[in-house]
Structures are given as structure tokens and as C-alpha cells.
Amino acid sequence: MIPPDHLLSSFANIYQQPPTLIAYAPGRVNLIGGHTDYNDGWVLPVAIDRYAWLAARPSSSDIATIHALDLDESVSFNIHQLDDKIDIKNRPLPKWAHYPAGVAWSLQRNNLTLTGFDAALTSTVPVGSGLSSSAAVEVAFAVTWEAITGWQADRMSLAQLCQSAENQYVGVNSGLMDQFASMHGVVGNALFFDCRTLEWEPVPLPENVALVIADTTVRRTLGDSAYNERRAACEEAVRILSDHLPNITALRDVEVQDFETHQHLLPPVIRRRAEHVVRECARTLRGVEKLQAGDVSSFGALMIEGNASLRDLYEVSCPELDALVEIATSLPGCFGSRLTGAGFGGCTVNLVEQAHAESFAHELTAEYKVRVGKDATIWICQAAEGAGVIEWGSE
Ligand code: GLA
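Parameters at a glance
- Residues numbered from 1 in each chain as written.
- Predicted model: local features only at pLDDT ≥ 70, side-chain atom pairs only at ≥ 80, totals over all residues.
- Heavy atoms only, no water.
- Helix = DSSP H or I, 4+ residues; strand = E, 2+ residues; numbered from the N terminus.
- Rg over C-alpha atoms; globule rule 2.2 N^0.38 Å.
- Buried < 20%, exposed > 50% of the residue type's maximum accessible area, 1.4 Å probe, protein only.
- Contact = heavy atoms within 4.5 Å.
- Areas by Shrake-Rupley, 256 points an atom, 1.4 Å probe, with all protein chains shown as cover.
- Near = heavy atom within 4 Å.
- Polar contact = N/O pair within 3.5 Å; in protein donor to acceptor, adjacent residues only side chain to side chain.
- 1 Å grid on protein atoms, 1.4 Å probe; cavity = no way out; pocket = protein on both sides within 12 Å on 5 of 7 lines; lining within 4 Å.
- Sits in = over half its atoms within 2 Å of the grid points.
- Nonpolar A, V, L, I, M, F, W, Y, C, P; charged D, E, K, R; others polar.
- Points joined across faces, edges and corners; volume = space filled by probe spheres on them.
- Pairing = 2+ DSSP bridges.
- Axes fitted to C-alpha atoms, helices over the stretch in contact; angles between N-to-C directions.

Chemist: Honestly, the overall build of the protein in this entry has me stumped. Any pointers?
Modeler: From N to C terminus, the protein includes 11 helices and 13 strands. The globule rule puts the C-alpha radius of gyration for 395 residues at 21 Å, and the 21 Å found for the protein is close to it. Across its three principal directions, the C-alpha atoms of the protein cover 60 × 50 × 40 Å. In the protein, which comprises 395 residues, the proportion classed as buried is 59%. Long-range pairs, those at least 24 residues apart, make up 72% of the contacts in the protein between residues at least 6 apart in sequence. Accessible surface for the protein amounts to roughly 15600 Å². Of this, 47% is attributable to carbon and sulfur atoms.

Written out as C-alpha cells, the structure is:
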């Protein structure tokens, strides 16, 4: 792993010393299993070769100073005074600093001691685009604090502590998928993850298939979106259905057939949300089987089916995402295309025959410009390894 040059030069300029370590944590796409993670369901994310990078050096105080290079902003907070979300001068923390402060808060609530540090942060995961820019930042800070303070936690617990930071400190009720994927990425593989049992296994991506990400350039903020509302609707569905299906504790437990029998009990909006989740869970299990059997065409068809469900039943798409998927699926070599992440803007992920990847990218942008009038950004990505730390220089 080679850190970006500007991270090292900026760190040296700001702090007049080199960092002692550099941490990286990837973003992710999700191939199938949309909005199933917080329903105890299954997901199939892929960590991608775009990363949050953090250079750090321990300080002898309780202060964490972080320079966000991409924003050209810096913040200093006391790692033991985090409840009020204020900096060392009692000013409210800027929103971006809630992620590192939340991680510090969550780690310490779980009895992991922390030391202060000077740090510089930069990221190649675009913000608010459905590629888990926030989870990448959280995970980068978690592994930095682990390395700098000197304790060791298992990867899954650390992912869960990052999720708590996002749920309880930042205030977004996200599931575990993003932090899980950023921690556990495996080169060349998707990650089949059971969000209830926390068991997971890598699923190799076929070599002749490219992972093409297309960004609508429409931005959303997870906290402001209807994300929390979607989660609440799922919980309400479980509450109503459990009167008749006593063994369920999450929508993951509801079989498609049982859902069909009892769906009339649910108010219309809740019924649509629950139907998406119940069928998407089944689709994810089928999809993984297809991918493991090397049947990319059937897998791609399930991606497209799942996207229609996210659009029509879960209602988390937008015209720009719909346009990207429609165009993509009409182009040669495209196996599957769907929105990735929470939705409401952001990116689509496309599985495209390698030989067609370049022309696919070109035609997708050209046609998107014609139909939507915007410039999509396209990345052909690799399935990457999860978060890590590089020891750097001497203390
Ligand atoms: C966001 C959340 C995830 C997951 C997806 C939808 O990325 O952070 O936990 O719920 O949306 O699948």
C-alpha cells in the first residue's frame, strides 16, 4: 500500500515532524443485499481500492488534533471530554469531526484506553456517494488508536464499535455492513456476511468481470435522509407480524411464503418496505449460490431485480440512479447494475465483462449526459484488502 504523497508532505508541513504510522481503510460497494443488514439479513459487499488515509503521531497529551486535508480544516478535541461534542475551546465540533470523536467515545465506553495524537486525514472515497466514506473514516481512526495506544481487538468487535459510534454519537442508525467490509476486505473477493451470526466468507469475483462504479454526482447525507425512517418501518413490520409469526425477531426470519400469507396485516407503506427486505434476503442467498457456481449472468439478473425492488418497494432510488441503471443494462457486456449503499443519490455498481469495461464506461457517461444533463464519474475498481496500518518513520 502506497500512501498519497500529499498526505506525507502536508503532515510534515503542519506538524513539523513525520508521522509514526499511516492507516488506511477502504470504501465498499454492495453487490446484493440492500437494506438487509439492519434486519439481521445477509449482504455481499466488496471493499474497493479507494481509501480513507490517516497519518498520525502520538502526542503526550489527551488532545487529538486532526487536520482534514480535503476540507482544509482542523479540529482539536480532548479524548476524555466527548459527550458534549465540543472542541478544546468549547466550540461545537464540525460535523466531519463527529466520526473520529464518535470512535474515540465508543472505544472508551468499551474500556479501551486511548492516547492523544496529531493526525492528518485524506480520502479517495467520495463523500455522500454510497461508497461508505464515513465508515472508512471511522475504521481508519479505530485502527490508528489501536496501533498508537498498543492494545489489540478483534476486527469484528472493532467494526461493531465503529458502528456504535455512528449509531449513538453521529446519530445514524446504520447496520454493520460498511464497517464490516472496510475491516475485512479480501483482494479479488466479495464478502458474504451474515449480519446476525457475524459469520462471513470470501466469494471470489470472476476474473473476466470488471467492477464499474458510476457516480450520479447527486449527493445525500445519511443522517438527513429517510434512512432512519426505513429502519423504523422494518421494526414496525416485525412488531405487527410477530403477533402471528411468534418466532420472528427480525425481517430476516420471515419466509417469503409466510410474508405472502400475512402481508395484508401491514399498512401499505410498511408492507412495501417489509416485502423488499424479505425478498431481498432470499435473493441474496440465491445470488451468492449463483456467484459461487460461476454463473455471473444469473447473479447479474438478481442484482437488477433487487434494484427494481429498492426503487419501487423500498423507494430509495432517484431519477439519476434510475437513468444510470437503465442505460447500463442496455449496454453490451453488462451482467448487472444497481444502486449501492443507502440510495437517495450516490453511485451504482455494475458488473461488466472485462473486454467491454472501457467502452461501457464511455457510453454510460455519454448517454447519462444526454438524458440527465450531468457528468457522471466512473471508476473501474478492484476488490481490495481491508483496513491496515503501516509503521512509518521513527518516534
Ligand atoms: C448504508 C448503511 C448500511 C446499509 C446500507 C444499505 O450504507 O450504512 O449499514 O444499511 O446503507 O444497504
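Chemist: Help me understand the site of the ligand, please; the structure alone is not making it clear to me.
Modeler: Arg28, Gly34, His35, Asp37, Tyr38, Ser174, Gly175, Met177, Asp178, Tyr227, Gly341 and Ala342 make up every residue found near the ligand. Within the backbone of alanine 342, one N or O atom sits 3.3 Å away from an oxygen atom of the ligand. Against a free-state accessible area of 310 Å², the protein chains account for coverage of 98% of the ligand. Among the detected pockets, the ligand sits in the largest pocket. For the shell around the ligand, a count of residues per class yields 4 nonpolar, 5 polar and 3 charged.

Chemist: Any chance you could explain the layout of surface pockets here in plain terms?
Modeler: Picture a little ball the size of a water molecule; that probe, rolled over the atoms, points out where space is still empty. Within this model, the largest pocket holds a volume of roughly 870 Å³. Along the walls of the largest pocket sit 43 residues, with Tyr99, Val127, Gly128, Ser133 and Ser134 positioned nearest its centre. Of all the secondary-structure elements, those providing two or more residues to the lining of the largest pocket are strand E1 (21-30), strand E6 (117-123), helix H3 (133-149), helix H4 (155-170) and helix H5 (177-184). For the lining of the largest pocket, the element with the most residues is H3, which contributes 4 residues. Considered class by class, the residues forming the lining of the largest pocket number 17 nonpolar, 18 polar and 8 charged.

Chemist: So what exactly am I meant to see when it comes to the sheet that holds strand E11 (residues 347-353) here?
Modeler: Strand pairing within a sheet occurs via backbone hydrogen bonds; the two strands may be parallel or antiparallel. With respect to topology, 4 strands assemble into an open sheet ordered E10-E11-E9-E12, the strand pairing being antiparallel. Only two strands of the sheet have a single partner each, and these edge strands are strand E10 (334-339) and strand E12 (377-381). On average, each strand axis in the sheet is inclined to that of its neighbour by 20 degrees, with strand direction left out of account. The pairing of strand E9 (residues 209-215) with E12 spans 5 bridges and is antiparallel. Looking at the pairing, valine 212 lines up with isoleucine 380 of E12. Against the sheet, helix H10 (residues 319-330) makes contact with E9, E10 and E11, and its axis sits at roughly 175 degrees relative to E10, the strand it touches most.

Chemist: How should I be thinking about empty space enclosed by the protein in this particular structure?
Modeler: Enumeration according to the criterion identifies 1 cavity of 30 Å³ or more in this entry. In this structure, the largest cavity occupies an estimated 30 Å³ of space. The wall of the largest cavity is formed by Asn30, Gly34, Leu310, Arg338, Leu339, Thr340 and Gly341. Of the residues that constitute the lining of the largest cavity, the class distribution is 2 nonpolar, 4 polar and 1 charged.

Chemist: Just checking my understanding: could you explain the pairing of E11 for this structure?
Modeler: On a regular strand, each side chain points to the face opposite its neighbour's, so the side chains alternate between the two faces of the sheet. Among the 7 residues that make up E11, 6 are buried, leaving the element largely enclosed by the rest of the structure. The sheet contact formed by E9 and E11 spans 7 bridges and is antiparallel. Bridge pairing in E11 places valine 212 opposite asparagine 350. Bridge count between E10 and E11: 5 bridges; the pairing is antiparallel. Of the residues in E11, the one forming a bridge with glycine 336 is leucine 351.

On their own, these measurements won't tell you what the molecule is for.
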